[in-house]
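Structural description and commentary
As a plain string of letters, each chain reads:
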Amino acid sequence: MTVRVRFAPSPTGYLHIGGARTALFNWLYARHTGGKFILRIEDTDAARNSLEAVEVILQGLRWLGLDWDEGPLTADAAGPCKGSSGPYFQSQRKANYEQRVAALLSRGLAYEHEGAVKFRMQREAVIIPDLVVGEVRRELTDREAEDPDFVIVRSDGQPVFHLVNVIDDLDMGITHVIRGEDHLSNTAKHIALFRAFGVPPPKYAHIPLILNGDGSKMSKRDTGASMTTYVEEGFLPEAVVNYLCLLGWSPKENREKMSVAEVVERFDLPQILRHNARFDMTKLQWLNGEYLRELPPEKFHAAAVHALARAGIDTNKWPLPYVKAALDTCLGKVKLFSELPAYAGFYFTDEIKLDAAALAKDFDAENKPRVEKLRGAFQQTANFDAASLEAVLKETAKAFGVKAGVLVHPARLACTGNAAGPSLYHLLEILGRERVLARLDRALRSTPG
């Protein structure tokens, strides 16, 4: 048997992190077993769906590297898939649903009711053999006991989720349904529909939900809920994929950083954890920092330039060797590309914002003469490189009988506007003598005494 799994999002907004994790688990299982990963867009609700939302989903999956295996060729080149082998769209499968409903009606397994069509639900309990949750016995509720039948086609002719979901899984030969545990309550209806169509249901694996750190349910407004956030904040897709793997799945040993290839090799449904996963942004940022640290310089430069451009910093105005040297001082120092504008923006502007309180502290009456002396030493040094500048600063501090930090802090503040950042001596070398002296002069002029 060839494994066939699917991800079936509704295009009503952004791609939720829970949906992305569901897509990832399906993709991993398909790749682990040599099966097929199918993308199906559940867009039957025309009032709530949009092509823009479809494109957001497709972009999110592509960013994560989750390629799907099949789908009809899109005839409209202006559509979201632009002529490639795209996903299936439920809105294009109306005839399939009508034929299946007609078959149910003809066999007395469904009936018309007040303009709608209802399915005759079985009265006995439904046993759900789940690969993650275990065997679940679904009894009728007291309310359902009075009328267990449920609508499969609304009075406006619109088929409901339960019907189209099952028909699509049936038509597409889905062997395993891997989805969030919140769908477990729907599964009894789905199994009953499969039986009504005369086919065995697929194997179900309901994966744990993703909760906030405090254990509450993650809503649309919560930090980290939208996949768009990770793209905009400058996360690496490899880090996000790695982290999503750990939300509800665990390898045999306690490893956290793993390549996609390693996860594909190890991933299997029995390893999915039973308990809900708690989202930890701090851990994700740490993991992203680990991946950033390992990026080759050329890839880091390209992504960094893009991140700076998003913040309105145009590095094209500066010589390429200068830009590369500046960014090299940031490699391995930030956890997110979105931190770069604040961390390294001083390289690409002469408008350094100097905090008045910090100036008053670092350029007080006692320390200002020391900084003036350092400025003069910087002007006179023969070589304006990191090693020479470090020696000059330490010699100046020694002459005043103070520690080097007494001069490091004001020099950094004057040249970057920040209390922390790249290595001081290297950033001074990259800024160059003229720019460093000008910035020291400005800071000295900004303080009394």
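Description of the structure in this document.

Across four bridges, the pairing between strand E4 (residues 110-113) and strand E5 (residues 116-119) is antiparallel. Across the sheet, the residue bridging to glutamate 112 is valine 117, located in E5. Linking E4 to E5, which pair antiparallel, is a turn of two residues; within it glutamate 114 sits at a positive phi near 50°.

In this section: helix H10 (residues 281-293). For H10, built from 13 residues, the straight-helix expectation of 18 Å at 1.5 Å per residue is met to within 8% by its first-to-last C-alpha distance of 18 Å. Within H10, burial applies to Met281, Leu284, Leu287, Asn288, Gly289, Tyr291 and Leu292. In the core, the buried residues of H10 are packed alongside helix H7 (227-232), helix H8 (237-245) and helix H11 (297-310). Sitting at the head of H10, aspartate 280 places a side-chain oxygen 3.1 Å from the backbone nitrogen of threonine 282.

H10 packs onto H8 with a crossing angle of 135° between their chain directions and a minimal axis gap of 9 Å. The angle between the axes of H8 and H10 places the two elements in the oblique class. H10 is crossed by H8, and the crossing has right-handed handedness. Contacts between H8 and H10 involve Glu238, Ala239, Val240, Asn242 and Tyr243 from the former and Lys283, Leu284, Leu287, Asn288 and Tyr291 from the latter. Looking at the contact of H8 with H10 residue by residue, the class counts come to six nonpolar, two polar and two charged.

Turning next to the sheet that holds strand E3 (residues 88-89). With respect to topology, three strands assemble into an open sheet ordered E1-E2-E3, the strand pairing being parallel. Lying at the two open borders of the sheet, with one neighbouring strand each, are strand E1 (4-7) and E3. Inspection of the sheet shows strand E2 (residues 36-41) paired to E3 by two bridges, in the parallel sense. Across the sheet, isoleucine 41 pairs through a bridge with phenylalanine 89, a residue of E3. Helix H1 (residues 17-33) rests against E1 and E2 of the sheet, and its axis sits at about 165° to E1.

As a packed pair, helix H15 (residues 368-380) and helix H19 (residues 433-445) sit with axes 10 Å apart at the nearest point and diverge in direction by 160°. In terms of axis orientation, H15 runs roughly antiparallel to H19. Where H15 crosses over H19, the handedness of that crossing is left-handed. Seen from H15, the contacting residues are Lys368, Val371, Glu372, Arg375, Phe378, Gln379 and Gln380; seen from H19, they are Arg433, Val436, Leu437, Leu440, Asp441 and Leu444. Residue composition of the contact of H15 with H19, grouped by class: six nonpolar, two polar and five charged.

Looking now at the sheet that holds E5. With antiparallel pairing, the three strands of this open sheet are ordered in space as E4-E5-E8. A strand with exactly one partner marks an edge of an open sheet, and here the two such strands are E4 and strand E8 (150-153). Taken pair by pair, the neighbouring strands of this sheet meet at an average axis angle of 45°, ignoring direction. The sheet contacts of helix H3 (residues 94-106) involve E4, E5 and E8, and relative to E4 the element is tilted by about 95°.

Our focus in this paragraph is the packing of aromatic side chains. Enumeration over the complete set of coordinates arrives at 13 aromatic pairs. Note on tryptophan 249 and phenylalanine 267: the rings are 5.6 Å apart at their centroids and 35° apart in plane angle, and the pair reads as tilted. Note that tryptophan 249 is positioned in the loop between H8 and helix H9 (260-266) and phenylalanine 267 in the loop between H9 and strand E12 (277-278), a separation of 18 residues in sequence. Each residue in the set Trp318, Tyr322, Phe346, Tyr347 and Phe348 is aromatic and connected to the rest through ring pairs, giving one cluster. The positively charged end of arginine 100 is found above the aromatic ring belonging to phenylalanine 197, 5.5 Å away from the centroid. Seen from the ring of tyrosine 291, lysine 257 lies directly overhead, with NZ or CZ sitting 4.2 Å from the centre.

With that settled, consider the pattern of salt bridges. Pairing between side chains of opposite charge can happen when their charged atoms approach one another. Counted according to the given criterion, the structure contains 23 salt bridges. A salt bridge links arginine 439 to aspartate 350; the shortest N-O distance between them is 3.4 Å. In this pair, arginine 439 sits in helix H19 while aspartate 350 sits in the loop between helix H13 (340-344) and helix H14 (356-362), placing the two residues 89 residues apart along the sequence. For arginine 375, the salt bridge is made with aspartate 441, and the minimal N-O distance between the two is 2.9 Å. In this pair, arginine 375 is assigned in helix H15 and aspartate 441 in helix H19, connecting sequence segments 66 residues apart.

The rules we used
- Residues numbered from 1 in each chain as written.
- Predicted model: local features only at pLDDT ≥ 70, side-chain atom pairs only at ≥ 80, totals over all residues.
- Heavy atoms only, no water.
- Pairing = 2+ DSSP bridges.
- Helix = DSSP H or I, 4+ residues; strand = E, 2+ residues; numbered from the N terminus.
- Expected span 1.5 Å × (residues − 1).
- Buried < 20%, exposed > 50% of the residue type's maximum accessible area, 1.4 Å probe, protein only.
- Contact = heavy atoms within 4.5 Å.
- Polar contact = N/O pair within 3.5 Å; in protein donor to acceptor, adjacent residues only side chain to side chain.
- Axes fitted to C-alpha atoms, helices over the stretch in contact; angles between N-to-C directions.
- Parallel < 35°, antiparallel > 145°, perpendicular 65-115°, else oblique.
- Left-handed = near helix turned anticlockwise from the far one by under 90°.
- Nonpolar A, V, L, I, M, F, W, Y, C, P; charged D, E, K, R; others polar.
- Phe/Tyr/Trp six-rings, centres within 6.5 Å; stacked < 30°, edge-to-face > 60°.
- Lys NZ or Arg CZ within 6 Å of the ring centre and 35° of its normal.
- Salt bridge = Lys/Arg side-chain N within 4 Å of Asp/Glu carboxyl O.

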